[in-house]
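# Chains, contacts and geometry: an overview
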Amino acid sequence: MPSAPSAHRLGDIAAHVRGELLGDPGLLVHGLNGLEEAAPGEVSFYGNPRYRKQFEATRASAVLVGMDAQAQARNGLALVRVHNPHLAYAKLLSLFHPATRPEPGIHASAHVHPEATVHPEASVRAGAVVEKGAHVGARTVLHPGAYVGEDARVGDDCVLYPHATVRERCVVGSRVILHASSVVGADGFGFAFDAEGESGPEHFKIPQVGIVRIEDDVEVGACTCIDRATVGETVVGRGTKLDNLVQIAHNVRVGPLSLICAQAGVSGSAEVGTGVVLAGQVGVVGHIRVGDLAKVGAQSGVAHDVPDGQVVSGSPAIPHRDWLRASAASGQLADLLKEVRALRRRVEMLEKEKGG
Amino acid sequence: MPSAPSAHRLGDIAAHVRGELLGDPGLLVHGLNGLEEAAPGEVSFYGNPRYRKQFEATRASAVLVGMDAQAQARNGLALVRVHNPHLAYAKLLSLFHPATRPEPGIHASAHVHPEATVHPEASVRAGAVVEKGAHVGARTVLHPGAYVGEDARVGDDCVLYPHATVRERCVVGSRVILHASSVVGADGFGFAFDAEGESGPEHFKIPQVGIVRIEDDVEVGACTCIDRATVGETVVGRGTKLDNLVQIAHNVRVGPLSLICAQAGVSGSAEVGTGVVLAGQVGVVGHIRVGDLAKVGAQSGVAHDVPDGQVVSGSPAIPHRDWLRASAASGQLADLLKEVRALRRRVEMLEKEKGG
Amino acid sequence: MPSAPSAHRLGDIAAHVRGELLGDPGLLVHGLNGLEEAAPGEVSFYGNPRYRKQFEATRASAVLVGMDAQAQARNGLALVRVHNPHLAYAKLLSLFHPATRPEPGIHASAHVHPEATVHPEASVRAGAVVEKGAHVGARTVLHPGAYVGEDARVGDDCVLYPHATVRERCVVGSRVILHASSVVGADGFGFAFDAEGESGPEHFKIPQVGIVRIEDDVEVGACTCIDRATVGETVVGRGTKLDNLVQIAHNVRVGPLSLICAQAGVSGSAEVGTGVVLAGQVGVVGHIRVGDLAKVGAQSGVAHDVPDGQVVSGSPAIPHRDWLRASAASGQLADLLKEVRALRRRVEMLEKEKGG
C-alpha cells in the first residue's frame, strides 16, 4: 500500500524521470497533483494541449511537459521536459509514495496448514488461510481473509487483498495483485443436459478439473472472477491488467499486456491476444479470437473473430468506422422514413400523370 | 437486521403515517403484505389504480390508500388515507420490523489493532478486522469478516455486512450500509504504458494514493466496488444508494440522493449529479457529467455530458424521446429497404419511358 | 473439490456411460482430454463433425462418439458409442475425478454459535461462521470464511466456498453449491422517496424483511448476488444454475432448470420460467415474465413478457428472427441513405421535366 508522501529536490526528480529541468534543482517539492488542484510546492503534469488554460493558471511549482510542448518556464514555475509526461507522473507518484509492506510473519489468528510452505519473508495477516500443500512466495502479503487453496502456488512479491480467493491447484506468478474479493479458480459454468437424470431431467455438472494460471505482473480487480478450466488451464498472460467485476470464463486464454476494463466478460474458450484493450462492459462470445492489439469499444458484443489490430464497436461488434457511420445513419432513420413516404407519393403522382 | 414482526393497533398505525383512518382504531394488526398475499390481520397498500381488482379482492384488514383514491372502506376492510401510500407502507414495515443490533463489544475472534479506536457501543463480530489507526463509531456493526483498513474511518450507526472491505485511509460517514463483499477503496485502474520498461514493455502501475469518501446515509450494494482516487478523492454523496455489482471508478464524484441500479458502471473522473437515476447495466464513460436529476435508461451507454433533468436512453445514449422514435423506426428498417428498392425500380421505369 | 485422476479399464468406462465398446475392454486409461491435447492412455470425445480432422489425428486411446457418428475404431483407437457424447464425457470426468470432502467437524478457529445446529458429518472450516439458530445439514462443507446468518438453513451435501454469505433466515436446499464471495440475502434495492424527511429530502429505506429460498441442486456463481424479498420470498428453482456476477433482485422468481450466464441481471419481481436460458450480460426489467424454455441472446435487454419457448435478442429484445433481419438491415443503412438521396434527385428531375 502506498505510504504518506515524502519530499524531494527538483533536481532529483528530473533525474528520476530522465527529464530536462528548466528551473532551480535545489527547490524542495513535497507532492503531486492535478494542474487545477496543485498548490505551491507540488508538481503537476501537462500532457494534452486541451488543458493549456489550466497549465497557464496552475499554482504548481513545477510541471512535467512533453518534449514538444509549447510551454515556457516562468517565475515560480519550473518545467521538466520528458518524453512521456503521463508515465513520468506515474513514476513520480511511486517516488513520493513508496509502497510499504506489513511486517513479515504469520499472524496468530491466521490459519496455515502444517504442510503448506510460506516463505519466511511473506506476511500472512489476521484470518488469512493457506491450505495443505500450498506455497506462498517471498515478500508476498496475504491480507486479512485472503485464501490460498490446497496445492495452490502464489509467487513472490504478490499482494492478496482482503477476501481474495485462490482455489485449489491454481498457479499465480510473481508481482501479481489480487484485489479484494476477487476469485481465482471457481468452477467453470459447464453442464450437460441429461433428460434422464436419476431424479428427473437435470443439468449434469461437468467437473471442472483444470486450473487457472496467472502469469507475472498481472493485476486482478475487486470482485473479478477467473474460472478454472474444465480440463487444462485458463490463462491470464504476463503484465495483463483486469479491472473490477470482470468475468473470465473457463479455458479462456488472455495474452500478455492486455487491458480488460470493468464489467467486461469473456466467454468460455475464447482467446484474447497480446496488447488488446476491451473497454467497459464489453462481452466476448465463446470459442472466438480477439487478435493482438485489437481494441473493442465500450458495451460492444464481440460475436466473431477480430483480426489483429482492428478497432471494433457495437453489439454485434463491427469495424469502428462502419459503426460510426451506422450510428450516424441511425440518428437519421426517422427522417428517412418520412422522406421515403414522401418520395413514394411523388412517384405515384408521376406514374398517374404519365398514365393519364 | 429487521426483527420478527410485532402487533399494532390500527389507530397507532394511522398516527405513525399521519394518515386518516376510516375504520376501527382498536383493531390489532400484526403484519404487512401485498394486496393478493395479505391475510386478515394484515395491512396492505394500494397506490396504483392498475391494481384495482386486487384491491377489491384483498383479504387484508386495512389498506393504505392515496388521498385521491377511488376507494371505500367496507365491512372488514379499514382504509388509511395518506399522501404517499408507498412511503407510508415503507414506514410501517419499519414499525413492524424494528431493526435489531447485536450486542456491543468486540468478539474474542475479531482482530482489533491496539492503536485502533472502536467506540464502546460498536459491535465487532467474529473474525472482523480493524487495522492500526482506524476508527469505528458508535453503534456501528462490523459483521463477521468485515474489514476496516489502516487509518480508515467509519462513522456512527453504520452496518458492514460480512466480508465488506474498507481499505486504508478511506472515510465512511454515518448511517452508511455496506453490503456483503462490497469493496471500498481498491486501487483505481490506472496504468501508463512504458515501451521501455525494465524487463520489456509494460503497463506501469500508477500508484493510487487517493481515497474514497462516502458521505452519510449512503447504501452500497453487495459486490459493489468503489475505487480510490489516483490523487484526491472518489466521492459518493449524502443519501445516494448503490445497488449490487456496481462499479464506481477512481476520481468519480456522485452527488447526493442519486440511485445507481445493479451492474451499472461509472468510468474514471466522471461526475454524476444530484438526484440522478442510472438504471441497471448503464455505462458512463470517463470525464463527462451526468447532470442533476437526469435519468438514464437501462443498458444505456452515456458517452457525452447529459444536461440537468434530461432523460436519455440507448447506446450511445440520446434523448429518450429520440431513442423511442429511432427504436420504432429501426423495427421498420427491413421494410424500408424493400420499399426503397421498389421505388428505384419505379423511378427507373419512369425514366426509361420518358427517354423512350 | 475434484481429486487427482484415477485409472480405469475401458470395459468399465463403457459400462459407466452405458456405451457400446469397439476395442479392448481390458485396456487401462488414466485420464480425459480434448481431441488435440489427449495423449495415449487418455479418453476424448467427438460430438461435432466440425472436429473430424482433430478426431482423425487424435493420439487418444479411446474416443466417445455418438451413435450415428461416421467413425471407425482403428489400431490404437478404441471407440465408445453413446447417445450423448458430451454427457458421457461429463460422467467420465466425475468417474476419473471423484469429488473429495474435507474431514467432518468444526475447526478450532470457526465460530459456531451454541444455539446453532451443525450436523456431525458437516465440515465447518477455519474462520467459517454459523450464527445463532442457524442449521447446517449433513456432509455440507463451509469453506474458510463462509457465513451462515441467524436462523438461516443450509441443507445436506452443500458446498459453500470461501466468503460465501447466506444472510439471516434465508433457506438453502440440498446439494447446492455457493461459489466464493456469492451473496444470498442482501437487502433488496427498495426506497421510497420522502421529500419531507427528518433532515431534508431522502430515499427512505424500505425494510427488506423477506428471505431468499434456494431449492435443491442449484449452483450460484462467484460474486453472484441474490437479494432477499421486501416481503415474502425471492426464489431460485430446483436445478437452476447461475454463473458468476449475476444479479437476482428482490422478489424475483426463477423456475427450475434454468441457466443464467455471467453478468446477467434480473430486476425486481420479474419471473423467469422453467428451462430458460439467459445468455451473458442480459438484462430483464422488473415485473415481467420470461416464459418457460425461452432463450435470450447475449447482451439483450428484455423489456416485455417473453412467451414460452420464444428466442429473443437485442436491446430492447425482439424475436430473434426479426433481430437478425434488423441487424442485417442496419448494416445497409448508410448505403440506404445515399440511395434515397439519389432517388430524390431523380424524382425531382422527372418532376421538372414533366413540368417543363
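As the structure is a prediction and not an experimental result, all values here were calculated from the model. (Residues numbered from 1 in each chain as written. Chains lettered and ligands numbered in written order. Predicted model: local features only at pLDDT ≥ 70, side-chain atom pairs only at ≥ 80, totals over all residues. Heavy atoms only, no water.)

### Points about the overall build of chain A
Each helix and strand counted, chain A has five helices and 40 strands in total. For 356 residues, the compact-globule estimate of 2.2 N^0.38 gives 21 Å, and chain A exceeds it by more than 25% at 27 Å. Viewed in the frame of its principal axes, chain A has a C-alpha envelope of about 100 × 80 × 30 Å. Within chain A, buried positions represent 56% of all 356 residues. When contacts within chain A are restricted to residue pairs at least 6 apart in sequence, those whose partners lie at least 24 apart make up 20%. Mean positive and mean negative side-chain charge positions of chain A (34 and 39 charges, respectively) differ by 8 Å. (Helix = DSSP H or I, 4+ residues; strand = E, 2+ residues; numbered from the N terminus. Rg over C-alpha atoms; globule rule 2.2 N^0.38 Å. Buried < 20%, exposed > 50% of the residue type's maximum accessible area, 1.4 Å probe, protein only. Contact = heavy atoms within 4.5 Å. Lys, Arg positive; Asp, Glu negative; His and termini not counted. Charge placed at Lys NZ, Arg CZ, Asp CG, Glu CD.)

### Describing the interface of chain C and chain B
Between chain C and chain B, the contact holds 63 residues from the first and 61 residues from the second. At the boundary of chain C with chain B, the tally comes to seven salt bridges. Between B:Glu348 and C:Arg346 there is a salt bridge, with its nearest N and O atoms 4.0 Å apart. Listing elements by their share of the side of chain C that touches chain B, those giving two or more residues are strand E21 (183-186), strand E22 (191-194), strand E23 (202-205), strand E26 (225-227), helix H4 (320-331) and helix H5 (333-355) of chain C. The dominant element in the side of chain C that touches chain B, judged by the number of residues it contributes, is H5(C), at nine residues. Class assignment for the residues of the side of chain C that touches chain B results in 30 nonpolar, 20 polar and 13 charged. (Salt bridge = Lys/Arg side-chain N within 4 Å of Asp/Glu carboxyl O. Nonpolar A, V, L, I, M, F, W, Y, C, P; charged D, E, K, R; others polar.)

### Digging into the sheet that holds strand E9 (residues 111-112) of chain B
Paired through backbone hydrogen bonds, the strands of a sheet run either parallel or antiparallel to each other. Residues and elements named next belong to chain B. Across the sheet, 10 strands lie side by side as E9-E12-E15-E18-E21-E26-E29-E32-E35-E38; this open sheet has parallel pairing. Each edge of the sheet is formed by a strand with only one pairing partner; in this case those strands are E9 and strand E38 (301-302). The pairing of strand E12 (residues 129-130) with strand E15 (residues 147-148) spans two bridges and is classified as parallel. Directly across from valine 130, in E15, lies its bridge partner valine 148. (Pairing = 2+ DSSP bridges.)

### Things to note about the interface of chain A and chain B
Accessible area lost upon the coming together of the parts serves often as the stated size of an interface. Each partner contributes to the interface: chain A provides 61 residues, whereas chain B provides 64 residues. Buried surface at the junction of chain A and chain B, summed over both partners, amounts to about 4900 Å²; 65% is from carbon and sulfur atoms. Across the contact surface, chain A and chain B share seven salt bridges. On inspection of chain A and its partner chain B, the count reaches 21 residue pairs in polar contact (both at pLDDT 80 or more). Among the secondary structure elements, those contributing two or more residues to the side of chain A that touches chain B are helix H3 (85-96), strand E28 (241-242), strand E31 (259-260), helix H4 (320-331) and helix H5 (333-355) of chain A. (Buried area = accessible area lost by both parts, 1.4 Å probe. Polar contact = N/O pair within 3.5 Å; in protein donor to acceptor, adjacent residues only side chain to side chain.)

### Examining the packing of aromatic side chains
Going through the model one piece at a time under the given rule, you end up with nine aromatic pairs over all chains. Ring geometry for B:Phe45 versus B:Tyr89: centroids 4.6 Å apart, planes at 35°, classification tilted. With B:Phe45 in strand E5 (residues 42-46) and B:Tyr89 in helix H3 (residues 85-96), this pair connects stretches of sequence that are 44 residues apart. For B:Phe45, a relative accessible area of 25% corresponds to the partly exposed category. In this structure B:Tyr89 comes out as buried when scored by relative accessible area, which is 6%. Lying across the ring of B:Phe204, A:Lys91 places its NZ or CZ 5.4 Å from the centre. (Phe/Tyr/Trp six-rings, centres within 6.5 Å; stacked < 30°, edge-to-face > 60°. Lys NZ or Arg CZ within 6 Å of the ring centre and 35° of its normal.)

### A closer look at the UniProt feature "active site" (unreviewed entry) in chain A
Residues and elements named next belong to chain A. UniProt tags His250 as "active site" (unreviewed entry). Position of histidine 250 among the secondary structure elements: in the loop between strand E29 (247-248) and strand E30 (253-254). With near-sequence residues (within four places) excluded, histidine 250 lies in contact with Gly188, Phe189, Gly190, Gln208, Asp227, Arg228, Ala229, Thr230, Thr234, Gly268 and Ser269. Looking at histidine 250, its side chain comes within polar contact range of the side chain of glutamine 208, at 2.9 Å. (UniProt positions renumbered as here; feature names shortened; annotations may be inferred.)

### Some remarks on the confidence of the model for chain A
Taken as a whole, chain A shows an average pLDDT of 94; of its residues, 98% reach a score of 70 or greater. Listed scores for the predicted complex are pTM 0.95 and ipTM 0.94. (pLDDT = per-residue confidence, 0-100.)

### As for the domain arrangement of chain A
Along its sequence, chain A is organised into domain 1 (8-96), domain 2 (105-320) and domain 3 (324-356). Measuring from the centre of the C-alpha atoms in domain 2 of chain A to the corresponding centre in domain 3 of chain A gives 53 Å. (Domains from an automatic or database assignment.)

### Describing the side chain of C:Asp243
Within the secondary structure, C:Asp243 sits in the loop between strand E28 (241-242) and strand E29 (247-248). No salt bridge forms around the buried C:Asp243; measuring N to O, its nearest opposite-charge neighbour A:Lys205 is 9.8 Å away. At 3.1 Å, the side chain of C:Asp243 forms a polar contact with the backbone nitrogen of C:Ala262. Each residue touching C:Asp243, except ones within four places of it in the same chain, is listed here: A:Phe189, A:Asp227, A:Gln247, C:Gly221, C:Thr224, C:Ile260, C:Cys261 and C:Ala262.

### With respect to the relation of the copies chain A and chain B
Mapping chain A onto chain B leaves a residual RMSD of 0.1 Å; the transformation is a rotation of 120° accompanied by 0.0 Å of translation along its axis. Here the transformation between the copies is reduced to the relation of a three-fold axis. (Least-squares fit on C-alpha atoms with pLDDT ≥ 70 in both.)

### Looking at the environment of A:Gly280
Residue and element names in this part refer to chain A. Structurally, glycine 280 is set in the loop between strand E34 (277-278) and strand E35 (283-284). Taking the C-alpha atoms as reference, glycine 280 lies 4.9 Å from alanine 298; in sequence the two are 18 residues apart. Leave out the neighbours within four places in its chain, and glycine 280 touches Cys261, Ala262, Ala298 and Gln299.

### Structural notes on the pairing of strand E24 (residues 211-214) of chain A
Look at any regular strand and the pattern is simple: side chains alternate between the two faces of the sheet. Residues and elements named next belong to chain A. Sheet topology places strand E19 (residues 171-172) next to E24; two bridges connect them, and they run parallel. In the sheet register, valine 172 faces E24, and the bridge partner there is isoleucine 214. Pairing analysis gives four bridges linking E24 to strand E27 (residues 233-236), with the strands arranged parallel. From the neighbouring strand, isoleucine 214 faces E27, where its bridge partner is valine 236.

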